[in-house]
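The primary structure of each chain is shown beneath.
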Amino acid sequence: MSNPDPVSSSRARRHFQRGESYLAAGDAAAAAASFEAVLTEQPGHVPALLKLSALHLMAGRYTPAFELTLRATRQAIESPGIALQLIAQLVALGHTRLVIDICSQLPPAMWDSANSLATVAQQLSRIGASHLARPYALAAIERDPRHPPSLYMAANIEVHFGEVDAAADLLERSLALHPDLVASHWLLSRLRRPDPGKRIDRIDRALTRVAPGDDEAFLAYALHNELHDSGDYRRAWHAMERACRAKRRTLDYDPANDHELFSRLQEWSSSDLDSAAGSDDRALTPIFVVGMHRSGTTLVERILGGHSQIAAAGETYELPTQLRAASGRYTPAVVDAQIVAARSRLDLRAIGTNYLAGMRWRSRDRPFVTDKLPSNFLNVGFIAQALPHARIVHVHRDPIDVGLSNLRTLFTSACPYSYDQQEFVDYYRRYAGLMDHWRKLLPERILDVRYEDVVADPLAAARRMSAFCGLPFEPTMIDIERSSDPVATASSVLVRDGIRRDRSKLWSAYAEQMQPMVEAFGPT
């Protein structure tokens, strides 16, 4: 290959610098034009390809974003920083197999710093590849034992594997170095460690120094968790209210958009389902575990994953990825009204085929694989059409218990309705109405599983679910505490205790404060 023309390289460099200046000023159109100019001079300029891809994604254009990133994967990667940008963009696009392929060519020893190693671990963790993420996280703290973000990332992954003592030690080390590392306070508060008094005092002090917004939410949730576990429910409620307010202020959430989405989904008809020709590949059968977040989906997946023929994949965004690819539209949500409105134009067979291809690395060569993204209840119509052999297990639970658990959980952007009681009530009612709609259309395709029944008689629940999946019942399915599979959900600590029967009616400790939900849902 000939060396690049120096004049062309100089022009490309100037265009790239202008593009970054425009980005910093918030002028996306001018930035895009500058990065396009870079590519005119140097079509294989990886940083420009990735910057332009990110701009397309921000504008909701999935197809050009993916094509540009795919071009970047074919070029020489000249620095760890560019490699990290490429991996991050592939994660955002949902192309997990490419992420794994790249990381397999760049093992921990090849990275330049603890920060790079921790970032790779974070990205692998985001796609559910905890087994692959762990060596990078451990290599990061070996490279620099005093790097707080690496200590936090390693602790986070140890929690996935149930190594709570190791995680707590790593978090304490990170806080000794960086007392205001808010994520470490929050994660440590979830580990249910004894003697919370000193941790409560430490969080209180950190809250006096924190700026409003996400950092405040992390610390206020940490304070709530510690106070709740110590039985100080009055102060715990006040801390949770502060956390919810802080997080809600950071979200651009308009319930009217949910109303439009649910209305579009309710238009799905039996003729839509009858007219679709989905994937005819039967080598792998997906089991979708759906419901509201915090309804017991992790417990149900854990039981299903205890079957010798079922691999538990956790929460994957494989179906939303295929809907984005098929529609050409990017949305950070699992689906939106525009994608639903375009459903008659989508290639449902391709969606199903590509979904199965994306799930194969997660299946570990087993014939069944779970996909436990709760909000896929929105995508039941697409599942039924694109994957006619898929099983759908719907988990439901006392709505007030679900409501409290939502209020108590710091999500990313997944559940923007979960920080206000009335917004939760409105969303829950729409969810319940949509599930009624799906049941009428698909009476044989959905198995309803009540969380309270699972914990009361797990053997009976496991037997029902096995039969629904067409598999022989295995009594060891309910021994969930014996599984070594990582768990990367908000239930990652609790599931290590096995099937607990003390998680119902937790809201009674906050009955007075939760009257809006109690009145909305009635006695339960």
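Scroll up for the structure.
Residues numbered from 1 in each chain as written. Predicted model: local features only at pLDDT ≥ 70, side-chain atom pairs only at ≥ 80, totals over all residues. Heavy atoms only, no water.

**Q** Please explain the pattern of salt bridges as it appears in this structure.
**A** Between side chains of opposite charge, a pair can form as their charged atoms come close. According to the stated counting rule, one finds 24 salt bridges in the structure shown. A salt bridge links D165 to R193; its shortest N-O distance comes to 3.0 Å. Of this pair, D165 sits in helix α10 (residues 164-177) while R193 is found in the loop between α11 (182-189) and α12 (197-207), placing the two residues 28 residues apart along the sequence. With relative accessibility at 54%, the residue D165 sits in the exposed group. (Salt bridge = Lys/Arg side-chain N within 4 Å of Asp/Glu carboxyl O. Helix = DSSP H or I, 4+ residues; strand = E, 2+ residues; numbered from the N terminus. Buried < 20%, exposed > 50% of the residue type's maximum accessible area, 1.4 Å probe, protein only.)

**Q** Sorry if this is basic, but what is going on with the packing of helix α9 (residues 148-160) against α10 here?
**A** Contact geometry for α9 and α10: axes closest at 8 Å, N-to-C directions at 160°. With respect to each other, α9 and α10 are oriented roughly antiparallel. Read as a crossing pair, α9 and α10 show a hand that is left-handed. Across the interface between the two elements, P148, L151, Y152, A154, A155, E158 and V159 from α9 touch A167, L170, L171, R173, S174 and L177 from α10. Here the residues of the contact of α9 with α10 are counted per class, giving 10 nonpolar, 1 polar and 2 charged. (Axes fitted to C-alpha atoms, helices over the stretch in contact; angles between N-to-C directions. Parallel < 35°, antiparallel > 145°, perpendicular 65-115°, else oblique. Left-handed = near helix turned anticlockwise from the far one by under 90°. Contact = heavy atoms within 4.5 Å. Nonpolar A, V, L, I, M, F, W, Y, C, P; charged D, E, K, R; others polar.)

**Q** Would you mind going over the environment of S375 with me for this structure?
**A** Tracing the chain through its elements places S375 in the loop between β3 (368-371) and α21 (380-386). On the basis of relative accessible area, S375 is assigned to the buried category, the value being 12%. Placed 86 residues apart in sequence, S375 and V289 show a C-alpha to C-alpha distance of 9.2 Å. Excluding its chain neighbours within four sequence positions, the residues that come into contact with S375 are G291, H293 and V334.

**Q** For this particular structure, what's the right way to read the side chain of T316?
**A** Examined against the element boundaries, T316 turns out to sit in the loop between β2 (310-312) and α18 (318-327). In terms of polar contacts, T316 uses its side chain to reach the side chain of D371, at 3.0 Å. In contact with T316, not counting residues within four places along its chain, are M359, R362, D371 and L373. (Polar contact = N/O pair within 3.5 Å; in protein donor to acceptor, adjacent residues only side chain to side chain.)

**Q** What is the right way to read the nonpolar core from this model?
**A** Note that soluble globular proteins tend to have their nonpolar side chains buried in a common cluster. Core analysis: the biggest nonpolar cluster contains 142 residues, and L124, V335, F377, L378, F382 and M514 have the highest contact counts within it. Here this core takes 8 residues from helix α23 (residues 421-441), the largest share from any one element. What F377 contacts, discounting residues up to four positions off in sequence, is F262, V290, G291, Y427, Y431, L434, M435 and W438. One finds L299, I310, V393 and V454 within the second-largest nonpolar core, a separate group that totals 24 residues. (Core = buried A, V, L, I, M, F, W, Y, C linked by side-chain atoms within 4.5 Å.)

**Q** Just checking my understanding: could you explain the sheet that holds strand β1 (residues 285-291) for this structure?
**A** The strands making up a sheet associate through hydrogen bonds between their backbones, and the pairing can be parallel or antiparallel. Ordered by their spatial adjacency, 5 strands build an open sheet running β2-β3-β1-β4-β5, and the pairing between neighbours is parallel. Here the strands that pair on one side only, and so sit at the sheet edges, are β2 and β5 (446-450). Direction aside, neighbouring strands of the sheet carry axes that sit 25° apart on average. Here β2 pairs with β3 via 3 bridges, running parallel. When the sheet's bridge partners are listed, A312 is paired in β3 with T370. Helix α25 (residues 458-469) contacts β1, β3, β4 (391-396) and β5 of the sheet and is inclined by roughly 170° relative to β5. (Pairing = 2+ DSSP bridges.)

Structural measurements only, silent on function.
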